[in-house]
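# An overview of the molecular structure
Chain by chain, the residues:
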Amino acid sequence: MSRLAPRLAAVLLAALAAAPVLADAADRAYRDALLTRLEAAQAEHRDAPDSLDARVAVARAWYALGVEGEKKAAKRAEELFDELHQDDPDDPVITAYLGSCRLLHAKREWAPWRKYELSKEGVTLLNQAVDSAPDDLHARFIRAATTENLPAQFELSDQADADFATLAERVYHDRTHPGLDGEQAAYALARHAVRLEAAQNHGDALIAYRLAVEFAPDSRTAAKAAESIERIEAFYTPTAESSPANQPTP
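Here we summarise the structure given alongside this text. What you see as residue numbers is a count from 1 along each chain, following the sequence as written. It should be noted that, the model being predicted, local features are given only for residues of pLDDT at least 70 and side-chain atom pairs only at 80 or more, the latter also being counted only at that level, while totals for whole chains, interfaces and linings use all residues. Side-chain measures were taken over the full set of non-hydrogen atoms in the model, leaving aside hydrogen atoms and water.

## Digging into the environment of S100
- Turning to its location among the elements, S100 is positioned in helix α5 (residues 92-108).
- A sequence separation of 19 residues divides S100 from S119, and the C-alpha atoms of the two residues are 9.2 Å apart.
- Two residues form a contact once any of their heavy atoms are found within 4.5 Å. Those residues within four positions of S100 in sequence are excluded, and the remaining contacts are Y63, L126, I142 and T146.
- The term polar contact refers here to a pair of N or O atoms within 3.5 Å; inside protein, the definition further demands a hydrogen-donor-capable atom paired with an acceptor-capable atom, and it admits residues adjacent in sequence only when both atoms are side-chain atoms. Engagement of the side chain of S100 in a polar contact is seen with the side chain of Y63, the distance being 2.7 Å. The helix and strand labels rest on DSSP assignments: H or I over at least four residues marks a helix, E over at least two residues marks a strand, and numbering proceeds from the N terminus.

Right, here's the structure in full:
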């Protein structure tokens, strides 16, 4: 397996640092946190170059920047997850990340046939990951967070809704949210809460939003969830039927 070359990393980090200044302070802070996470992951990888966890951490750090629109980071993440997948094609989380990377790649392509090819492969990998390990919350989260942003012609919005509902229920009943970090658990709850609001289920939406804030209080998800809580509380009075004992599902 090829190691992440320090010179390549320095070039890409410099390119990212030179990107246009973001308008929103929260987005700037988040991007800075992602760069810090990448540097920490790279340091860990240098200390333990053969560690699978370290390799995955580096790939995930590049991926997080790629999701934020950094094309060079998305490309590097795809290269690393390709290598990881070749080494362990049966790992559902690695497979899910690779599928998501393929869809990010499709977004960068101009040729329609290439977009279609990459998109098809990406969706197939995401489905393989979840089908092979349906109880793996991390793999399901990556599929949900990826497919919810696909165009309507993919006809995967119902699947994304179902994935977020499953994640929200599992997280609600097991607050340790195994396989997910706090930000992922919070995002899954918040996205499901949006769907609960759309179904006029304001009580359970409040529960989900509040739990999202609890899991990742300093995240962008928590900030948006807090705004939603304030908006709902302005007109909604909880009833006896809506309590923390209820599942955050429709």
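## Quick look at the nonpolar core
- Put simply, a nonpolar core is a bunch of buried Ala, Val, Leu, Ile, Met, Phe, Trp, Tyr and Cys residues held in one set by side-chain atoms that sit within 4.5 Å of each other. Working definition: with a 1.4 Å probe on protein chains only, accessible area under 20% of the residue-type maximum means buried, over 50% means exposed, and in between means partly exposed. Ranked by size, the top nonpolar core spans 64 residues in total, and within it W62, Y63, F81, L167, L189 and Y209 carry the most contacts.
- Those residues in contact with L189, other than ones at most four positions away along the chain, are A168, V171, A208, L211, A212 and F215.

## Some remarks on unusual backbone geometry
- With phi around 55°, E155 is a residue other than glycine that occupies positive phi space.
- Within the element layout of this structure, E155 appears in the loop between α7 (137-147) and α8 (157-173).
- On the basis of relative accessibility, which here comes to 70%, the residue E155 falls in the exposed class.
- Phi is positive for H177, close to 35°, though the residue is something other than glycine.
- Topologically, H177 is positioned in the loop between α8 and α9 (182-198).

## Re the packing of aromatic side chains
- Stacked, tilted and edge-to-face are the three classes assigned to paired rings of Phe, Tyr and Trp, where Trp is represented by its six-membered ring and a pair needs centres within 6.5 Å; plane angles under 30 degrees give stacked, over 60 edge-to-face, the rest tilted. Evaluated as defined, the whole model comprises four aromatic pairs.
- With a centroid separation of 4.9 Å and an interplanar angle of 85°, the aromatic rings of Y63 and Y97 are classed as edge-to-face. Here Y63, found in helix α3 (residues 52-67), pairs with Y97, found in helix α5; they are 34 residues apart in sequence, far enough to count as distant.
- The exposure class assigned to Y97 is buried, which follows from its relative accessible area of 2%.
- With a centroid separation of 6.0 Å and 80° between ring planes, the pair formed by F141 and Y187 is classed as edge-to-face. Of this pair, F141 sits in helix α7 while Y187 sits in helix α9, and the two are 46 residues apart along the sequence.
- Of the aromatic side chains, those joined through ring pairs into one cluster are Y63, F81 and Y97.
- Taking the ring centre of Y172 as reference, the NZ or CZ of R175 above it sits at 4.8 Å. Whether a charge lies above a ring is judged from NZ of Lys or CZ of Arg, which has to be within 6 Å of the ring centre and within 35 degrees of the ring normal.

## Looking at the environment of D181
- By secondary structure assignment, the location of D181 is in the loop between α8 and α9.
- You can call D181 partly exposed: its relative accessible area is 31%.
- Along the sequence, D181 and H138 sit 43 residues apart, while their C-alpha atoms lie 8.8 Å from each other.
- Only 2.7 Å separates the side chain of D181 from the backbone nitrogen of Q184, close enough to count as a polar contact.

## Looking at the packing of α5 against α7
- Interaxial distance between α5 and α7 falls to 8 Å at its minimum, and their mutual angle equals 15°. It follows from the interaxial angle that α5 and α7 lie roughly parallel. Of the two possible hands of crossing, α5 and α7 adopt the one that is left-handed. Here P92, V93, A96, Y97, S100 and L103 of α5 come into contact with α7, specifically with H138, A139, I142 and T146.
- Counted by class, the contact of α5 with α7 contains seven nonpolar, three polar and no charged residues. The angle between two axes is taken between their N-to-C directions and runs from 0 to 180 degrees, where each axis is a line fitted to C-alpha atoms and a helix contributes only its stretch in contact. Roughly parallel means an angle under 35 degrees; roughly antiparallel, over 145; roughly perpendicular, 65 to 115; everything else is oblique. Left-handed describes a crossing whose near helix is turned anticlockwise from the far helix by less than a right angle; the clockwise case is right-handed. Residues were grouped as follows: Ala, Val, Leu, Ile, Met, Phe, Trp, Tyr, Cys and Pro as nonpolar; Asp, Glu, Lys and Arg as charged; and all remaining residues, including Gly, as polar.

## Overview of the side chain of H177
- Of the residues examined, H177 reaches a relative accessible area of 12% and is grouped as buried.
- Reaching out from H177, the side chain makes a polar contact with the backbone oxygen of L180 at a distance of 2.9 Å.
- If sequence neighbours within four positions are ignored, H177 has contacts with V171, G182, A185 and F215.

## With respect to helix α10 (residues 202-215)
- Multiplying 1.5 Å by the helix residue count minus one yields the expected span of that helix. Taking 1.5 Å of rise per residue, the 14 residues of α10 would be expected to cover 20 Å, and the 20 Å separating its terminal C-alpha atoms lies within 8% of that figure.
- Most of α10 sits inside the fold, with eleven of its 14 residues counted as buried.
- Inspection of α10 places H202, G203, D204, A205, L206, I207, A208, Y209, L211, A212 and F215 among the buried residues, and these make up the whole buried set.
- Buried residues belonging to α10 abut α8, α9 and α11 (220-233).

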